[in-house]
Amino acid sequence: SIPKAVALLGIGRSNLRLVAVDDQFRMRPDALQAAIAADRAAGRNPIAIVATVGTIVSGAIDPLPEIADVAGREDLWLHVDGAYGVLAALALPERLNSLALADSLSLDAHKWLYQPLDCGCLLHRHPDIARKTFSHSDDYVGLLSQDPTEGFAFFEESFELSRRFRALKLWLSLQYHGRRAFRDAIAEDLRHARLLAEAVEAHPELELLAPVALSAVCCRHRAKDNRAILRRVNARGRVYLSNATVRDQFALRACFVNHRTTDGNVLEIVSEVIAAAGEVND
Ligand SMILES: Cc1ncc(COP(=O)(O)O)c(C=O)c1O
(Lines give C-alpha, C1' and ligand atoms only; values in the text may rest on other atoms or scores of the structure.)
Protein backbone atom coordinates (compact mmCIF):
# COMPACT_ATOMS: atom_id res chain seq x y z
CA SER A 1 0.00 0.00 0.00
CA ILE A 2 2.88 2.41 0.65
CA PRO A 3 4.42 2.22 -2.86
CA LYS A 4 0.92 2.81 -4.23
CA ALA A 5 0.43 5.79 -1.93
CA VAL A 6 3.68 7.48 -2.94
CA ALA A 7 2.84 6.88 -6.60
CA LEU A 8 -0.61 8.40 -6.08
CA LEU A 9 0.85 11.41 -4.29
CA GLY A 10 3.18 12.06 -7.22
CA ILE A 11 6.28 11.49 -5.09
CA GLY A 12 7.29 8.55 -7.25
CA ARG A 13 8.04 4.99 -6.21
CA SER A 14 11.75 5.50 -6.79
CA ASN A 15 11.75 8.00 -3.91
CA LEU A 16 10.51 5.43 -1.41
CA ARG A 17 13.28 4.02 0.81
CA LEU A 18 12.90 0.57 2.31
CA VAL A 19 14.62 0.41 5.69
CA ALA A 20 16.47 -2.68 6.94
CA VAL A 21 14.93 -4.74 9.75
CA ASP A 22 16.41 -6.62 12.70
CA ASP A 23 16.27 -10.37 13.29
CA GLN A 24 12.66 -10.03 14.45
CA PHE A 25 11.62 -8.12 11.30
CA ARG A 26 11.34 -4.73 13.08
CA MET A 27 12.58 -1.55 11.47
CA ARG A 28 16.10 -0.66 12.63
CA PRO A 29 16.20 2.95 13.88
CA ASP A 30 19.94 3.17 13.08
CA ALA A 31 19.26 2.11 9.47
CA LEU A 32 16.42 4.64 9.29
CA GLN A 33 18.71 7.40 10.54
CA ALA A 34 21.37 6.37 8.02
CA ALA A 35 18.86 6.37 5.12
CA ILE A 36 17.73 9.89 6.04
CA ALA A 37 21.33 11.09 6.30
CA ALA A 38 22.21 9.53 2.93
CA ASP A 39 19.25 11.23 1.25
CA ARG A 40 20.01 14.60 2.81
CA ALA A 41 23.66 14.27 1.77
CA ALA A 42 22.47 13.62 -1.81
CA GLY A 43 20.39 16.81 -1.74
CA ARG A 44 17.06 15.04 -1.29
CA ASN A 45 14.41 16.12 1.17
CA PRO A 46 12.85 13.32 3.24
CA ILE A 47 9.30 14.12 4.32
CA ALA A 48 7.81 11.19 6.20
CA ILE A 49 8.48 7.91 7.94
CA VAL A 50 6.05 5.00 7.74
CA ALA A 51 6.33 2.56 10.62
CA THR A 52 4.28 -0.61 10.82
CA VAL A 53 2.42 -2.04 13.76
CA GLY A 54 1.70 -5.58 12.64
CA THR A 55 3.50 -6.35 9.40
CA ILE A 56 1.55 -8.51 6.99
CA VAL A 57 3.84 -11.53 7.03
CA SER A 58 4.90 -11.93 10.66
CA GLY A 59 2.95 -9.29 12.59
CA ALA A 60 6.19 -7.57 13.67
CA ILE A 61 5.83 -4.27 15.52
CA ASP A 62 8.32 -1.53 14.70
CA PRO A 63 9.97 0.24 17.70
CA LEU A 64 7.82 3.37 17.73
CA PRO A 65 9.52 5.31 20.55
CA GLU A 66 12.92 5.17 18.83
CA ILE A 67 11.39 5.85 15.41
CA ALA A 68 9.42 8.79 16.84
CA ASP A 69 12.69 10.17 18.25
CA VAL A 70 14.19 10.09 14.76
CA ALA A 71 11.05 11.73 13.33
CA GLY A 72 11.20 14.47 15.98
CA ARG A 73 14.92 15.12 15.48
CA GLU A 74 14.61 15.18 11.70
CA ASP A 75 11.29 17.06 11.60
CA LEU A 76 9.51 14.31 9.63
CA TRP A 77 5.87 13.21 9.63
CA LEU A 78 5.37 9.85 11.35
CA HIS A 79 2.65 7.65 9.85
CA VAL A 80 1.85 4.29 11.40
CA ASP A 81 0.46 1.56 9.16
CA GLY A 82 -1.66 -0.33 11.62
CA ALA A 83 -4.04 -1.77 9.02
CA TYR A 84 -3.76 -5.25 10.47
CA GLY A 85 -2.16 -4.96 13.87
CA VAL A 86 -3.04 -1.76 15.61
CA LEU A 87 -6.31 -2.99 17.08
CA ALA A 88 -4.22 -5.30 19.28
CA ALA A 89 -3.89 -2.14 21.38
CA LEU A 90 -7.35 -2.94 22.75
CA ALA A 91 -6.00 -6.15 24.30
CA LEU A 92 -2.38 -5.06 24.84
CA PRO A 93 -2.56 -1.35 25.71
CA GLU A 94 0.73 -1.41 27.63
CA ARG A 95 2.66 -2.76 24.62
CA LEU A 96 1.26 -0.20 22.21
CA ASN A 97 0.96 3.03 24.20
CA SER A 98 3.60 4.64 22.00
CA LEU A 99 0.98 4.83 19.22
CA ALA A 100 0.27 8.25 20.68
CA LEU A 101 3.51 9.42 19.04
CA ALA A 102 2.16 9.08 15.49
CA ASP A 103 1.01 12.01 13.37
CA SER A 104 -1.35 9.70 11.51
CA LEU A 105 -2.49 6.13 11.86
CA SER A 106 -4.30 3.83 9.44
CA LEU A 107 -6.32 0.82 10.56
CA ASP A 108 -8.73 -1.62 8.99
CA ALA A 109 -11.89 -2.34 10.93
CA HIS A 110 -12.48 -5.07 8.31
CA LYS A 111 -9.46 -6.91 9.65
CA TRP A 112 -9.26 -7.01 13.44
CA LEU A 113 -12.59 -5.41 14.30
CA TYR A 114 -14.36 -8.25 12.48
CA GLN A 115 -16.29 -6.02 10.06
CA PRO A 116 -17.28 -7.01 6.52
CA LEU A 117 -15.18 -5.41 3.77
CA ASP A 118 -14.57 -2.55 3.45
CA CYS A 119 -14.05 -0.38 6.51
CA GLY A 120 -10.62 1.28 6.38
CA CYS A 121 -9.94 4.20 8.67
CA LEU A 122 -7.37 7.00 8.88
CA LEU A 123 -6.83 8.86 12.14
CA HIS A 124 -4.75 11.99 12.07
CA ARG A 125 -3.69 14.62 14.53
CA HIS A 126 -3.63 17.60 12.20
CA PRO A 127 -7.07 18.17 10.65
CA ASP A 128 -5.94 21.65 9.59
CA ILE A 129 -3.31 20.10 7.31
CA ALA A 130 -5.80 17.61 5.85
CA ARG A 131 -8.28 20.39 5.12
CA LYS A 132 -5.61 22.53 3.52
CA THR A 133 -4.68 19.57 1.34
CA PHE A 134 -8.11 18.40 0.30
CA SER A 135 -10.24 21.52 0.34
CA HIS A 136 -10.75 23.49 -2.79
CA SER A 137 -8.89 26.49 -1.41
CA ASP A 138 -7.81 27.98 1.91
CA ASP A 139 -10.94 30.04 2.29
CA TYR A 140 -13.32 27.36 1.01
CA VAL A 141 -16.14 26.99 3.52
CA GLY A 142 -17.67 23.77 2.29
CA LEU A 143 -20.58 22.72 0.17
CA LEU A 144 -22.79 21.78 3.08
CA SER A 145 -22.34 24.97 4.97
CA GLN A 146 -21.81 28.53 3.87
CA ASP A 147 -21.01 29.43 7.46
CA PRO A 148 -17.26 29.08 8.18
CA THR A 149 -17.89 28.71 11.91
CA GLU A 150 -19.81 25.48 11.29
CA GLY A 151 -16.63 23.68 10.30
CA PHE A 152 -15.76 21.42 7.42
CA ALA A 153 -17.59 18.56 5.77
CA PHE A 154 -15.95 15.10 6.01
CA PHE A 155 -15.24 15.02 2.26
CA GLU A 156 -12.95 18.01 2.68
CA GLU A 157 -10.51 16.00 4.79
CA SER A 158 -9.71 13.08 2.48
CA PHE A 159 -9.58 11.84 -1.12
CA GLU A 160 -13.11 10.59 -1.54
CA LEU A 161 -16.14 12.75 -2.19
CA SER A 162 -19.37 10.76 -2.38
CA ARG A 163 -19.09 7.60 -0.38
CA ARG A 164 -21.10 4.90 1.32
CA PHE A 165 -21.87 5.10 5.01
CA ARG A 166 -19.13 2.61 5.88
CA ALA A 167 -18.90 3.64 9.51
CA LEU A 168 -22.47 2.56 10.24
CA LYS A 169 -21.73 -1.17 10.56
CA LEU A 170 -18.77 -0.49 12.86
CA TRP A 171 -20.69 1.95 15.03
CA LEU A 172 -23.61 -0.44 15.23
CA SER A 173 -21.57 -3.46 16.26
CA LEU A 174 -19.57 -1.44 18.81
CA GLN A 175 -22.85 -0.20 20.28
CA TYR A 176 -24.38 -3.68 20.29
CA HIS A 177 -21.45 -5.79 21.53
CA GLY A 178 -19.51 -3.18 23.49
CA ARG A 179 -15.79 -2.57 23.48
CA ARG A 180 -15.06 -5.40 25.92
CA ALA A 181 -16.36 -8.04 23.47
CA PHE A 182 -13.87 -6.82 20.86
CA ARG A 183 -11.04 -6.69 23.38
CA ASP A 184 -11.80 -10.24 24.54
CA ALA A 185 -12.05 -11.57 20.98
CA ILE A 186 -8.70 -9.98 20.04
CA ALA A 187 -7.12 -11.44 23.19
CA GLU A 188 -8.44 -14.86 22.10
CA ASP A 189 -6.94 -14.44 18.62
CA LEU A 190 -3.60 -13.57 20.22
CA ARG A 191 -3.84 -16.66 22.43
CA HIS A 192 -4.69 -18.83 19.43
CA ALA A 193 -1.53 -17.68 17.67
CA ARG A 194 0.55 -18.61 20.72
CA LEU A 195 -1.24 -21.97 20.91
CA LEU A 196 -0.40 -22.71 17.29
CA ALA A 197 3.21 -21.56 17.74
CA GLU A 198 3.60 -23.91 20.71
CA ALA A 199 2.05 -26.81 18.79
CA VAL A 200 4.38 -26.15 15.84
CA GLU A 201 7.42 -25.99 18.09
CA ALA A 202 6.39 -29.20 19.82
CA HIS A 203 6.10 -31.11 16.52
CA PRO A 204 9.36 -32.61 15.28
CA GLU A 205 8.42 -32.27 11.58
CA LEU A 206 7.53 -28.56 11.78
CA GLU A 207 9.38 -25.33 12.54
CA LEU A 208 8.47 -21.71 13.16
CA LEU A 209 9.99 -19.25 10.68
CA ALA A 210 9.36 -15.97 12.52
CA PRO A 211 8.65 -14.84 16.07
CA VAL A 212 4.93 -14.51 16.80
CA ALA A 213 4.37 -10.86 17.68
CA LEU A 214 0.58 -10.73 17.21
CA SER A 215 -1.77 -13.26 15.60
CA ALA A 216 0.17 -14.28 12.47
CA VAL A 217 2.13 -17.53 12.56
CA CYS A 218 4.62 -18.51 9.85
CA CYS A 219 5.89 -22.06 9.83
CA ARG A 220 7.07 -24.82 7.51
CA HIS A 221 7.42 -28.56 7.23
CA ARG A 222 11.11 -29.34 7.65
CA ALA A 223 11.35 -32.01 4.97
CA LYS A 224 8.55 -31.77 2.39
CA ASP A 225 7.65 -29.29 -0.38
CA ASN A 226 5.69 -26.62 1.49
CA ARG A 227 4.10 -25.24 -1.70
CA ALA A 228 2.59 -28.65 -2.38
CA ILE A 229 1.55 -28.96 1.28
CA LEU A 230 -0.26 -25.63 1.12
CA ARG A 231 -2.17 -26.69 -1.99
CA ARG A 232 -3.14 -29.98 -0.32
CA VAL A 233 -4.15 -28.32 2.98
CA ASN A 234 -6.45 -25.86 1.24
CA ALA A 235 -7.83 -28.52 -1.13
CA ARG A 236 -8.69 -30.73 1.86
CA GLY A 237 -10.90 -27.83 2.95
CA ARG A 238 -10.70 -28.25 6.73
CA VAL A 239 -8.52 -25.21 7.45
CA TYR A 240 -7.33 -22.38 5.22
CA LEU A 241 -3.74 -21.17 5.19
CA SER A 242 -2.06 -18.41 3.20
CA ASN A 243 1.61 -18.27 2.32
CA ALA A 244 4.52 -15.90 2.74
CA THR A 245 8.23 -15.73 2.11
CA VAL A 246 10.39 -15.49 5.22
CA ARG A 247 14.15 -15.12 4.64
CA ASP A 248 13.76 -16.71 1.21
CA GLN A 249 11.83 -19.66 2.60
CA PHE A 250 8.28 -20.54 1.59
CA ALA A 251 6.11 -20.26 4.71
CA LEU A 252 2.71 -21.61 5.60
CA ARG A 253 0.96 -18.66 7.22
CA ALA A 254 -2.00 -18.69 9.58
CA CYS A 255 -3.48 -15.38 10.76
CA PHE A 256 -6.18 -15.34 13.42
CA VAL A 257 -8.66 -12.50 12.99
CA ASN A 258 -11.92 -14.37 13.46
CA HIS A 259 -13.96 -14.27 16.65
CA ARG A 260 -15.40 -17.75 15.95
CA THR A 261 -12.08 -19.65 15.84
CA THR A 262 -11.79 -22.36 18.50
CA ASP A 263 -8.79 -24.10 20.09
CA GLY A 264 -9.85 -27.19 18.12
CA ASN A 265 -9.62 -25.27 14.82
CA VAL A 266 -6.15 -24.07 15.77
CA LEU A 267 -4.81 -27.52 16.61
CA GLU A 268 -6.39 -28.92 13.45
CA ILE A 269 -3.97 -26.75 11.46
CA VAL A 270 -1.12 -28.93 12.71
CA SER A 271 -2.90 -32.22 12.03
CA GLU A 272 -3.99 -31.02 8.57
CA VAL A 273 -0.47 -29.91 7.64
CA ILE A 274 0.91 -33.27 8.75
CA ALA A 275 -1.86 -35.14 6.89
CA ALA A 276 -1.21 -33.06 3.75
CA ALA A 277 2.53 -33.68 4.06
CA GLY A 278 1.73 -37.41 4.05
CA GLU A 279 -0.02 -36.97 0.69
CA VAL A 280 2.95 -35.11 -0.82
CA ASN A 281 5.86 -37.02 -2.35
CA ASP A 282 9.37 -36.57 -0.94
C1 LIG B 1 0.05 -3.89 7.30
C2 LIG B 1 -0.94 -3.69 6.18
N3 LIG B 1 -0.99 -2.51 5.51
C4 LIG B 1 -1.87 -2.29 4.52
C5 LIG B 1 -2.75 -3.27 4.11
C6 LIG B 1 -3.72 -2.97 3.02
O7 LIG B 1 -4.99 -2.78 3.55
P8 LIG B 1 -6.28 -2.71 2.59
O9 LIG B 1 -6.33 -4.02 1.87
O10 LIG B 1 -7.44 -2.54 3.51
O11 LIG B 1 -6.08 -1.56 1.68
C12 LIG B 1 -2.74 -4.53 4.76
C13 LIG B 1 -3.62 -5.64 4.38
O14 LIG B 1 -4.23 -5.79 3.39
C15 LIG B 1 -1.82 -4.74 5.84
O16 LIG B 1 -1.81 -5.90 6.52
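All chains use their own residue numbering, which begins from 1 and follows the written sequence. This being a predicted model, a pLDDT of at least 70 is required before a residue's local features are given, and a value of 80 or more before pairs of side-chain atoms are given or counted; all residues contribute to the totals for chains, interfaces and linings. The side-chain values count all of the structure's non-hydrogen atoms but skip hydrogen atoms and water molecules.

A closer look at the site of the ligand
Moving on, step 1. In the vicinity of the ligand, the contacting residues are Ser1, Gly54, Ile56, Asp81, Ala83, Tyr84, Asp108, His110 and Lys111.
Moving on, step 2. Contacts to the ligand include Lys111, whose side-chain N or O atom sits 2.9 Å from an oxygen atom.
Moving on, step 3. Burial of the ligand by the protein amounts to 63% of the accessible area it has alone, namely 390 Å².
Moving on, step 4. Among the residues making up the shell around the ligand, the classes are represented as three nonpolar, three polar and three charged. Nearness here has a simple test: a residue counts as near a molecule or strand if at least one of its heavy atoms is within 4 Å of that partner. N or O atoms within 3.5 Å of each other form a polar contact, as long as, within protein, one can give a hydrogen and the other can take it, and as long as residues adjacent in sequence are counted only when both atoms are side-chain atoms. In this description, accessible areas are obtained by the Shrake-Rupley approach with a 1.4 Å probe, and a residue is regarded as covered only by the protein chains that are shown. For this classification, Asp, Glu, Lys and Arg are treated as charged, while Ala, Val, Leu, Ile, Met, Phe, Trp, Tyr, Cys and Pro are nonpolar and the rest, including Gly, are polar.

Observations regarding the domain arrangement of the protein chain
Moving on, step 1. One can read the domain layout of the protein chain as domain 1 (2-119) and domain 2 (179-279).
Moving on, step 2. Segmentation of the chain into domains, including their bounds, is taken from an automatic or database domain assignment. Just the C-alpha atoms count here: the centres of domain 1 and domain 2 sit 26 Å apart.
Moving on, step 3. Contacts between the two partners involve 23 residues from domain 1, matched on the other side by 26 residues from domain 2.
Moving on, step 4. Taken together, both faces of the contact between domain 1 and domain 2 bury some 1900 Å²; the carbon and sulfur share is 71%.
Moving on, step 5. What makes a salt bridge here is a side-chain nitrogen of Lys or Arg within 4 Å of a carboxyl oxygen of Asp or Glu, nothing more. For the pair domain 1 and domain 2, the interface holds zero salt bridges.
Moving on, step 6. Where domain 1 touches domain 2, the interface holds 10 residue pairs in polar contact (both at pLDDT 80 or more). In this description, contact between two residues means that some pair of their heavy atoms is separated by no more than 4.5 Å. Buried area is a sum: the accessible area each of two parts loses on coming together, probed at 1.4 Å, counted once for each and added.

What to know about the pairing of strand β6 (residues 216-221)
Moving on, step 1. We call a residue buried when its accessible area falls under 20% of the maximum for its residue type, exposed when it is over 50%, and partly exposed in between, using a 1.4 Å probe and counting protein chains only. Segments assigned H or I by DSSP are reported as helices when at least four residues long, segments assigned E as strands when at least two residues long, and all are numbered from the N terminus. In terms of residue burial, β6 counts as a mostly covered element, since six of its six residues are buried.
Moving on, step 2. Neither face of β6 is open: one carries Ala216, Cys218 and Arg220, the other Val217, Cys219 and His221, and all of them are buried.
Moving on, step 3. The sheet contact formed by strand β5 (residues 206-208) and β6 spans three bridges and is antiparallel. From the neighbouring strand, Leu208 faces β6, where its bridge partner is Cys219.
Moving on, step 4. The pairing of β6 with strand β8 (residues 249-255) spans four bridges and is antiparallel. Looking at the pairing, Cys219 lines up with Leu252 of β8. Whether two strands pair comes down to DSSP finding at least two bridges between them.

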